[in-house]
Amino acid sequence: MIQKEHVFNKKKALLLVVICAAVLLVLFFIRWHGEKSDSLTTTDGRVKFLASLGWEVDNASEEGKTVIIPEKLEGVMEEYNKMQVEQGMDLSSHCGEKCQQYTYVLKNYPSDKDNVFLSIYVLDGKLIAGDIHTNSVNGFMVGIMPSESAQK
């Protein structure tokens, strides 16, 4: 009886490449999905993200609520959006949409001011705006991005 040789031909090579690509794609998806689950959709994810910007917040102080971006950015909201644009975000593409606002007590603002807060606005797990502010009459508001806030 004659034995057939196992030949590694173009079809088998292509099949092997496709299988390897599919495995890599599945591994990439699993890793990407795992990172996304620990993004801005969870308190831990938000705290880690803010820490990556250099901010230390009291995660126990987190207050979350749903807010609606106004249909038109006028007055105070127009000025607020200018600050967002300066730090790489723009609320104008989110007018009329609902998002989540999360506010924290900021523990490491580089001044002796008490009662400094950090707020972020999250839509579909993505940051669309953020600020650092005080509630006092003589208070201030700056962006959350390190280059912007460190100068204030």
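Because the structure is predicted, anything quoted here is derived from the model rather than measured.

Asks: Quick question: what am I supposed to make of the overall build of the protein chain here?
Replies: When helices and strands are tallied, the protein chain shows 4 helices and 5 strands. In sequence order, the secondary structure elements of the protein chain are arranged as α-α-β-α-β-β-β-β-α. Once local pairs closer than 6 in sequence are excluded, the contacts in the protein chain between residues at least 24 apart make up 54%. With the model as given, the accessible surface of the protein chain reaches about 10,600 Å², and the carbon-plus-sulfur share is 58%.

Asks: So what exactly am I meant to see when it comes to the sheet that holds strand β2 (residues 98-106) here?
Replies: Picture the strands of a sheet paired through backbone hydrogen bonds; they go either parallel or antiparallel. The 5 strands lie next to each other as β1-β2-β3-β4-β5, forming an open sheet whose pairing is antiparallel. Lying at the two open borders of the sheet, with one neighbouring strand each, are β1 (57-68) and β5 (141-143). Put simply, the sheet's adjacent strands are angled 25° from each other on average, direction ignored. Here β2 pairs with strand β3 (residues 116-123) via 6 bridges, running antiparallel. By the bridge assignment, Y102 is partnered in β3 with I120. In this fold helix α2 (residues 43-52) packs onto β1, β2, β3 and β4 (126-134), with an angle of close to 110° to the strand it touches most, β1.

Asks: Quick question: what am I supposed to make of the packing of aromatic side chains here?
Replies: Both the distance between ring centres and the angle between the ring planes are used here to describe each pair of aromatic rings. Counted under the stated rule, the structure contains 3 aromatic pairs. Their ring planes at 15° and their centres at 6.3 Å tell us that W55 and Y109 sit as a pair that is stacked. With W55 in the loop between α2 and β1 and Y109 in the loop between β2 and β3, the pair connects residues that are 54 residues apart, well separated along the chain. We note that W55, like Y109, is buried.

Asks: Can you help me understand α2 in this one?
Replies: Working note: α-helix, 3.6 residues per turn, so residues spaced by three or four point in the same direction. Those residues of α2 lying buried are G45, R46 and L50. Around the axis of α2, the buried residues are gathered within 130° of arc, so they sit on the same side. For α2, exposure combined with an orientation more than 90 degrees from the buried face picks out K48 and S52. Its buried side turned inward, α2 meets β1, β2 and β3. In the segment just after α2, G54 is the residue with positive phi, at about 100°.

Asks: What am I meant to see in helix α3 (residues 76-86) here?
Replies: Taken together, the buried positions of α3 are Y80, N81, M83 and Q84. Axial view of α3: buried residues confined to an arc of 155°, hence all on one face.

Asks: Quick question: what am I supposed to make of the nonpolar core here?
Replies: Nonpolar side chains tend to gather and get buried jointly when the protein is soluble and globular. W55, L118, I132 and I144 are the most contacted members of the largest nonpolar core, which totals 20 residues. Of all elements in the fold, only β2, β3 and β4 reach the threshold of two or more residues within this core. When residues in this core are grouped by element, the largest group, 4 residues, is from β3.

Asks: Please explain the pairing of β4 as it appears in this structure.
Replies: Each regular strand displays side chains that alternate between the two surfaces of the sheet. Among the 9 residues that make up β4, 8 are buried, leaving the element largely enclosed by the rest of the structure. Hairpin geometry of β3 and β4 is characterised by an intervening segment of 2 residues between the two adjacent antiparallel strands and by a positive phi of about 55° at D124. Inspection of the sheet shows β4 paired to β5 by 3 bridges, in the antiparallel sense. Among the inter-strand pairings, I132 is bridged to a residue of β5, identified as V142.

Criteria and cut-off values
- Residues numbered from 1 in each chain as written.
- Predicted model: local features only at pLDDT ≥ 70, side-chain atom pairs only at ≥ 80, totals over all residues.
- Heavy atoms only, no water.
- Helix = DSSP H or I, 4+ residues; strand = E, 2+ residues; numbered from the N terminus.
- Contact = heavy atoms within 4.5 Å.
- Areas by Shrake-Rupley, 256 points an atom, 1.4 Å probe, with all protein chains shown as cover.
- Pairing = 2+ DSSP bridges.
- Axes fitted to C-alpha atoms, helices over the stretch in contact; angles between N-to-C directions.
- Phe/Tyr/Trp six-rings, centres within 6.5 Å; stacked < 30°, edge-to-face > 60°.
- Buried < 20%, exposed > 50% of the residue type's maximum accessible area, 1.4 Å probe, protein only.
- Arc of directions from axis to C-beta.
- Core = buried A, V, L, I, M, F, W, Y, C linked by side-chain atoms within 4.5 Å.

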